[in-house]
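Each chain, letter by letter, is given below.
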Amino acid sequence: MAGKKVLIVYAHQEPRSFNGSLKKVAVDELSKQGCTVTVSDLYAMDFEPRATRRDITGTLCNPEFFNYGVEAYEACKTRSLTSDIIDEQKKVLEADLVIFQNKLALLSFTTGGTAEMYTKNGVSGDFRYFLWPLQHGALHFCGFKVLAPQISFAPELVSEEEKRGMIASWAQRLRNIWKEEPIHCTPCWYFGQ
Ligand code: ZN
């Protein structure tokens, strides 16, 4: 879909890793479609993940008792957040699609355990349970429409051929990504049958 802007938020230390391959195939496929692809490579950028008072550059509303929510809200209005945060906010606002390629979080991620472990009766419970706070609590709450997650289960436990298959199915999905309907992001999707 030419002209669309895609932001990939990528968090992995090793470019030659499986996660690195998933990121690369997404950049290649979406660029081929004519999309403008921006990658926020959090490790390469040495992005500060902690929410601290250093995020606020202006005077604090209450220096005696630091409340991040209040201070960040005020700093956002007066544009006195640090430039690394403002830069990322701008990328998110400009993007038509945001892909989180992150070991722990969102749309596209890998797991340590197998698919069976992430079922209702598996040791980790249904994978949808741990997506609830991220997809619904964070993304949907912030106004995103959420697409189904791309989960590559246990790449460390499968053969090279199966790994190539997972990367290929991600590339295949991206070919039609603009036609996908968002998931029905309600408790039913996460906790229903
Ligand atoms: Zn939701």
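Residues numbered from 1 in each chain as written. Predicted model: local features only at pLDDT ≥ 70, side-chain atom pairs only at ≥ 80, totals over all residues. Heavy atoms only, no water.

(A) Spatial organisation of the nonpolar core. The biggest cluster of nonpolar side chains holds 18 residues, and the ones touching the most others in it are V6, L30, I99, W170 and L174. Elements with a contribution of two residues or more to this core: β1 (5-11), α1 (18-32), β3 (97-102) and α6 (160-175). Leaving out residues up to four positions away in the same chain, I99 has contacts with V6, L7, I8, V9, L30, S108, W170 and L174. (Core = buried A, V, L, I, M, F, W, Y, C linked by side-chain atoms within 4.5 Å. Buried < 20%, exposed > 50% of the residue type's maximum accessible area, 1.4 Å probe, protein only. Helix = DSSP H or I, 4+ residues; strand = E, 2+ residues; numbered from the N terminus. Contact = heavy atoms within 4.5 Å.)

(B) Region of interest: the coordination of the zinc ion. Summarising the metal site, the zinc ion is bound by the protein donors H136 (ND1), H140 (ND1), C185 (O) and C185 (SG), whose distances to it range over 1.9 to 2.6 Å. If you look at the zinc ion, its four donor atoms make angles of 90 to 123° with each other, and the shape they trace is tetrahedral. Along the chain, the residues that donate to the zinc ion are spaced as H-x3-H-x44-C. Of this pair, H136 sits in helix α5 (residues 127-140) while C185 sits in the loop between α6 and α7 (187-191), placing them 49 residues apart in sequence. A relative accessible area of 23% places H136 in the partly exposed class. Classification of C185 as buried rests on a relative accessible area of 8%. (Donors = N, O, S within 2.8 Å, 3.2 Å for Na, K, Ca; no water. Tetrahedral: all angles 85-135°; square planar, octahedral: opposite > 155°, others 65-115°.)

(C) Quick look at the pattern of salt bridges. Applying the stated criterion across every chain, the model contains eleven salt bridges. The partner of E94 in a salt bridge is K90, and the shortest N-O contact between them spans 3.9 Å. Pair noted here: E94 and K90 are both in helix α4 (residues 83-94), with a separation of four residues, about one helical turn. By relative accessible area, which is 44% here, E94 ends up partly exposed. For R128, the salt bridge goes to D126, with nearest N and O atoms at 2.8 Å. The residues R128 and D126 share a single accessibility class, namely buried. The network of salt bridges with shared partners includes E29, K32 and R175. (Salt bridge = Lys/Arg side-chain N within 4 Å of Asp/Glu carboxyl O.)

(D) Seen up close, the state of the cysteines. Overall, the coordinates contain zero disulfides when judged by the stated rule. Between C61, a free cysteine, and C76, which holds the nearest cysteine sulfur, the sulfur-to-sulfur gap is 13 Å. Given the relative accessible area of 48%, C61 is considered partly exposed. C142 provides the cysteine sulfur closest to C76, a residue in no disulfide bond, and the two sulfurs are 11 Å apart. (Disulfide = S-S within 2.5 Å.)

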